[in-house]
Amino acid sequence: MTGQAMQGWLRADGHKGICNTVVVAYLVECAHHVACEITCPFEGQDVHVIGFPGCFPNDYAQGMMEALCTHQTVGAVLLVSLGCENFQKRRLLEAIETSGRPAHLISIQDAGGTRASVTAGRNWVTDPIRQIANVPKAEMTPADPVIGTICGGSEATSGIAGNPAAGRAFDRLVAEGATCIFEETGELIGFEHVKAEGAVSPELGDALVETVQKAVRYYDTMGDGSFSQGNAEGGLSTIEEKSLGAYAKSGASPISGIVKPGERPPTAGLYLMDVVPDGTPRFGFPNINDTAEIVELIAWGAHAVIFATGRGSAVGSAISPVLKVCANPETFARMGEDMDVNAGRVVRDAAGLDEVDAEIRDKLVALAHGSRTASEDLGHHEFALTSKVFEPLGPACLQVAG
Amino acid sequence: MAMDKPARQDPLVTNDADNIGVSKRSAAAGSIQQVGTRQVTLETTVGMGHKVALAPIREGQDVMKYGFPIGVATCDIAPGAHVHLHNSASRYTVIRDRESEK
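Residues numbered from 1 in each chain as written. Chains lettered and ligands numbered in written order. Predicted model: local features only at pLDDT ≥ 70, side-chain atom pairs only at ≥ 80, totals over all residues. Heavy atoms only, no water.

As named in an unreviewed UniProt entry, chain B is SAF domain-containing protein, taken from Aliiruegeria haliotis.

An unreviewed UniProt entry annotates chain A as Altronate hydrolase of Aliiruegeria haliotis.

Before we move on, can you summarise the overall build of chain A with the specific residues and values?
Helix and strand content of chain A: 15 helices and 14 strands. In terms of overall dimensions, chain A is globule-like: its C-alpha atoms have a radius of gyration of 20 Å, near the 21 Å expected for 402 residues. Taking the contacts inside chain A whose residues are at least 6 apart along the sequence as the reference set, 73% of them involve residues at least 24 apart. Accessible area for chain A stands at about 14,400 Å²; split by element, carbon and sulfur atoms hold 52% of it. Of note, chain A has its 29 positive side-chain charges centred 4 Å away from the centre of its 50 negative side-chain charges. (Helix = DSSP H or I, 4+ residues; strand = E, 2+ residues; numbered from the N terminus. Rg over C-alpha atoms; globule rule 2.2 N^0.38 Å. Contact = heavy atoms within 4.5 Å. Areas by Shrake-Rupley, 256 points an atom, 1.4 Å probe, with all protein chains shown as cover. Lys, Arg positive; Asp, Glu negative; His and termini not counted. Charge placed at Lys NZ, Arg CZ, Asp CG, Glu CD.)

Describe helix H10 (residues 239-247) of chain A, listing the residues and the values that go with them.
The buried fraction of H10(A) amounts to 8 of the 9 residues, a majority that puts the element mostly inside the structure. Within the sequence span of H10(A), burial applies to A:Ile239, A:Glu240, A:Glu241, A:Lys242, A:Ser243, A:Leu244, A:Gly245 and A:Ala246. Elements in contact with the buried residues of H10(A): strand S8 (146-152), helix H6 (156-176) and helix H9 (229-233) of chain A together with strand S5 (51-53), strand S6 (62-65) and strand S7 (68-73) of chain B. (Buried < 20%, exposed > 50% of the residue type's maximum accessible area, 1.4 Å probe, protein only.)

Which residues make up the sheet that holds strand S8 (residues 82-83) of chain B, and what values go with them?
Spatial ordering of the open sheet is given by S2-S5-S8 (chain B), a layout of 3 strands whose pairing is antiparallel. Looking at the sheet topology across the chains shown, the edges are occupied by strand S2 (20-22) and S8 of chain B. (Pairing = 2+ DSSP bridges.)

So, the confidence of the model for chain B: which residues are in play, and what are the values?
Summing up the model confidence of chain B, the mean pLDDT is 86 and the portion of residues at 70 or higher is 83%. Model confidence for chain B, summarised as mean pLDDT per element, is weakest for strand S1 (residues 8-9) of chain B at 72 and strongest for S8(B) at 96. (pLDDT = per-residue confidence, 0-100.)

Go over the pairing of strand S1 (residues 7-10) of chain A with me, naming the residues and quoting the values.
All names here are of chain A. As defined by bridge partners, S1 adjoins strand S7 (residues 137-139) across 3 bridges and the pair is classed as antiparallel. Paired with Gly8 across the strands is Ala138, a residue of S7. Linkage of S1 to strand S2 (residues 16-17), two consecutive antiparallel strands, is achieved through a turn of 5 residues, within which Gly14 is found at a positive phi near 95°.

Laid out in structure tokens, this is it:
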């Protein structure tokens with residue numbers, strides 16, 4: 001695979017998607033079941049369910065759904081509404097149609113209930129599957145890939161093997177001209193001043209410290225931090241220790257900017273995504289689970305997400321593939337079928353990092369040539385989206401070079 | 001697990017400034033951990049990835065890993081002791097051991 005270019009389906013906006021997925025999106029929990037039923041006959045094909053469960057309007061969720069439904073991986077979208085929810089469905093439909101994708105809206109109340117909606121939905125999905133198969137493919141340049149990284153099920157091996165392996169891959173990708181994103185300001189706690197030194201400007205460094213301090217305040221109000229029982233069982237004792245290990249997954253490239261979920265980066269480089277809401281804490285924890293974070297990375301434009309785990313995660317994601325890098329050799333021995341890359345050898349031999357990075361590179365390229373991740377093979381297409389509130393980015397967060 | 005001879009292991013030390021090592025494998029109580037010329041004997045069995053004190057750490061002193069303080073000792077820690085929630089704490093967020101809570 002070495003040297004082979006990635007390729008993707010060329011969308012009207014110029015972005016290239018490495019998958020060609022039909023999304024069936026419910027716009028309130030009341031339409032969730034119908035959306036799932038619509039996709040049943042298409043099992044094994046790239047027809048994924050996403051959605052927003054809330055009935056109350058939320059600008060963040062609206063923006064996330066617009067970003068996800070016009071993601072370069074998505075070829076066509078079916079929206080499933082109950083009918084009376086507060087989601088701005090016409091606005092979403094328009095955004096998708098404007099992007100040049102086949103799109104359709106079904107309202108369960110108008111269609112005559114569950115069975116009629118399921119039938120209408122299945123009938124509609126059949127056509128775009130044929131249509132989008134004709135979307136032309138184009139070779140990707142090294143500047144095209146947008147890659148996210150997340151760690152979950154973290155433990156001590158994550159900080160020694162999995163996250164450094166992801167970091168090595170990020171350093172290489174950024175050097176090649178790609179765009180990379182890391183997240184979880186809650187996991188820079190205790191280490192924000194060190195990471196801020198890697199920012200491209202002192203003002204951006206200050207903004208980074210402020211986003212982490214916001215995370216400290218937010219988690220204090222919630223009464224709990226980004227630290228789980230499994231973290232402790234795996235040998236991690238403090239959030240600082242977890243942060244130091246987690247920080248390694250972003251590599252050593254300078255940080256070009258801070259972004260918020262749903263926004264695309266203006267230039268290539270390494271970005272921190274601020275996932276903690278602004279203002280008075282509302283709506284609970286910033287991200288209720290790993291999946292909510294993966295979805296934010298994808299909404300930001302990620303072609304694929306590198307997921308470093310130690311305890312072992314089973315998840316994949318709707319829309320973009322999740323490449324799982326397992327840091328713990330014992331975990332890999334137990335649940336290797338759920339993993340894509342075994343980074344466990346690095347625990348006992350740090351020299352293994354380059355080999356692991358080469359494997360990550362080859363697997364990413366292969367994904368753009370029709371290969372599938374372990375989680376995709378196992379049918380994982382998780383999705384989670386909750387309500388949040390964000391204010392616009394400060395002026396120091398994005399400083400476009402030149 | 002009874003052992004005739006204590007097994008020797010080389011824990012991972014991520015930075016010269018560290019006062020703990022990371023166990024590369026599960027290691028039984030009584031086994032010897034060696035870093036350079038320094039040897040410590042494990043007080044208790046320690047799982048893979050868990051931390052072992054390589055030097056005396058006084059109460060209030062920093063626990064050092066990756067060359068950075070990852071928390072403070074909440075009591076005096078002897079070389080060879082498991083360093084974890086029972087004898088160290090975060091400066092930022094209280095970590096609860098939920099499994100041992102009633």
